[in-house]
Amino acid sequence: GAVVSQHPSWVICKSGTSVKIECRSLDFQATTMFWYRQFPKQSLMLMATSNEGSKATYEQGVEKDKFLINHASLTLSTLTVTSAHPEDSSFYICSARGDNGANVLTFGAGSRLTVL
Amino acid sequence: QKEVEQNSGPLSVPEGAIASLNCTYSDRGSQSFFWYRQYSGKSPELIMSIYSNGDKEDGRFTAQLNKASQYVSLLIRDSQPSDSATYLCAGTPSGSARQLTFGSGTQLTVLP
C-alpha cells in the first residue's frame, strides 16, 4: 500500500530559526502532496497543496513566504517554517494520494514543532 | 458555517456497546466521504470511505451516507477500549477531487 514517510517526528527550535520538514512517498509517485497543520484539540487545517515541478497553492491566510514548500521530485516535498515563532508551534502533517487512482489520502506520521 | 461539522463530544460508551458518530456537510456537490481515526499525538489513519448512498460495512465499522440529508455517520459495534480516539469526518469539496475538508473531530472514549 501507499506509505508516506515524514521526518523529523518532533523538533524543538529557538524563536527566529528555520525548520525543514520532509515528506516522502516511499512506494509510489505523488505529483500532489498536501500539508496540514493541527493545533491541540483542533482539526486538521489544510495549509497548502504541493505540486511537483510547480509552485505550491496556499490556502487563504497562510503566508507563503513563511511556509516555504518545495516539491522538486515525485517522491519528496518539503515544508520550511522560516523565522519560526512560538505561535508556529503545532503538529504538521503531510499527506499524499497514491498513484492507483483511488481517492484516498495517506498521511505521514506528523511532525511536532515546538518553538521556544 | 463550517463545511463539515461533527459533534465534538466527548462521547463515552461502555465496552461492547455501539458507538455512533455523526457528521453533516454543507457542500451538496461533495461526492466522497471518509472517516479517519486519530490517536493522541499521532496522524490520522483511514477507517472507512464511502461514496454512495446507503451503508457500507467493514468488520465492526459501518459507514452510512445520506446525500439528500447531507449526513454521514460511523457506527462502531462491540466497541473496545482500543477504539478510544478522535474520529475525523472528511469530505471532498466539489470541484476539487484532490483535497479533503475535515470536521473538527469527535473524541470517543470506550470505558472498560
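This write-up is about the structure you can find in this document. (Residues numbered from 1 in each chain as written. Chains lettered and ligands numbered in written order. Predicted model: local features only at pLDDT ≥ 70, side-chain atom pairs only at ≥ 80, totals over all residues. Heavy atoms only, no water.)

1. Considering a nonpolar patch on the surface
No. 1: A surface patch of nonpolar side chains, amounting to about 400 Å² of accessible area, comprises A:W10, A:I12 and A:L116.
No. 2: Within the fold, A:W10 resides in strand 2 (residues 10-13). (Patch = residues over 30% accessible without salt bridge, like charges linked within 9 Å, V, L, I, M, F, W, Y side chains within 5 Å. Areas by Shrake-Rupley, 256 points an atom, 1.4 Å probe, with all protein chains shown as cover. Salt bridge = Lys/Arg side-chain N within 4 Å of Asp/Glu carboxyl O. Helix = DSSP H or I, 4+ residues; strand = E, 2+ residues; numbered from the N terminus.)

2. Some details on the state of the cysteines
Disulfides are covalent bonds that connect the sulfur atoms of two cysteines.
No. 1: Considering all chains together, one arrives at two disulfides over all chains under this definition.
No. 2: Between the sulfur atoms of A:C23 and its disulfide mate A:C94 the distance is 2.0 Å. As the torsion about the S-S bond is roughly 80°, the A:C23-A:C94 disulfide counts as right-handed. Here the residue A:C23 occupies a position in strand 3 (residues 19-25), and A:C94 occupies one in strand 9 (residues 90-97), the gap between them amounting to 71 residues.
No. 3: Here A:C23 falls in the buried class, since its relative accessible area comes to 0%.
No. 4: Between the sulfur of B:C23 and that of B:C89 lies a disulfide, 2.1 Å long from S to S. Residues B:C23 and B:C89 share a disulfide whose torsion about the S-S bond is about -75°; that sign makes it left-handed. Linking B:C23 in strand 3 (residues 19-25) with B:C89 in strand 9 (residues 85-91), this pair joins segments that are 66 residues apart in sequence.
No. 5: Since its relative accessible area comes to 1%, B:C23 is described here as buried. (Disulfide = S-S within 2.5 Å. Buried < 20%, exposed > 50% of the residue type's maximum accessible area, 1.4 Å probe, protein only.)

3. Section: the sheet that holds strand 3 of chain B
Residue and element names in this part refer to chain B.
No. 1: The strand order across the open sheet formed by five strands is 1-3-8-7-6, and the pairing between neighbours is antiparallel. Edge positions in the sheet fall to strand 1 (4-6) and strand 6 (54-58), since each has one partner strand and no second. This sheet shows a mean twist of 20° between the axes of neighbouring strands, independent of strand direction.
No. 2: Here strand 7 (residues 61-66) runs beside strand 8 (residues 71-76); their pairing, made up of six bridges, is antiparallel. Counterpart to L65 in the pairing with strand 8 is V72. (Pairing = 2+ DSSP bridges. Axes fitted to C-alpha atoms, helices over the stretch in contact; angles between N-to-C directions.)

4. A word on the packing of aromatic side chains
No. 1: On inspection of all chains with the given rule, the structure shows nine aromatic pairs over all chains.
No. 2: Arranged with centres 5.3 Å apart and planes meeting at 90°, the rings of A:F107 and B:Y36 form a pair that is edge-to-face. One end of the pair, A:F107, is in strand 10 (residues 105-107); the other, B:Y36, is in strand 4 (residues 33-38), on a second chain.
No. 3: Aromatic side chains B:Y36 and B:F102 sit 5.7 Å apart centroid to centroid with 55° between the ring planes, which places their arrangement in the tilted category. Highlighted residues: B:Y36 in strand 4 and B:F102 in strand 10 (residues 101-102), separated in sequence by 66 residues. (Phe/Tyr/Trp six-rings, centres within 6.5 Å; stacked < 30°, edge-to-face > 60°.)

5. Examining the pairing of strand 11 (residues 106-111) of chain B
All names here are of chain B.
No. 1: What you see with strand 11 is a clean split: T106, L108 and V110 sit on the buried side and Q107, T109 and L111 on the side with no burial.
No. 2: Strand direction decides the pairing type here: strand 2 (residues 11-14) and strand 11, joined by four bridges, are parallel. Bridge pairing in strand 11 links L11 to L108.
No. 3: The sheet contact formed by strand 9 and strand 11 spans three bridges and is antiparallel. Opposite Y87, over in strand 11, you have T106 as the bridge partner.

6. Topic: the environment of A:S5
Residue and element names in this part refer to chain A.
No. 1: Tracing the backbone through its elements, the reader meets S5 in strand 1 (residues 4-7).
No. 2: Sequence separation of S5 and D27 is 22 residues, and the distance between their C-alpha atoms is 10 Å.
No. 3: Dropping the residues within four chain positions of it, S5 is found in contact with E22, C23, R24 and L26. (Contact = heavy atoms within 4.5 Å.)

Just distances and angles here, no functional claims.
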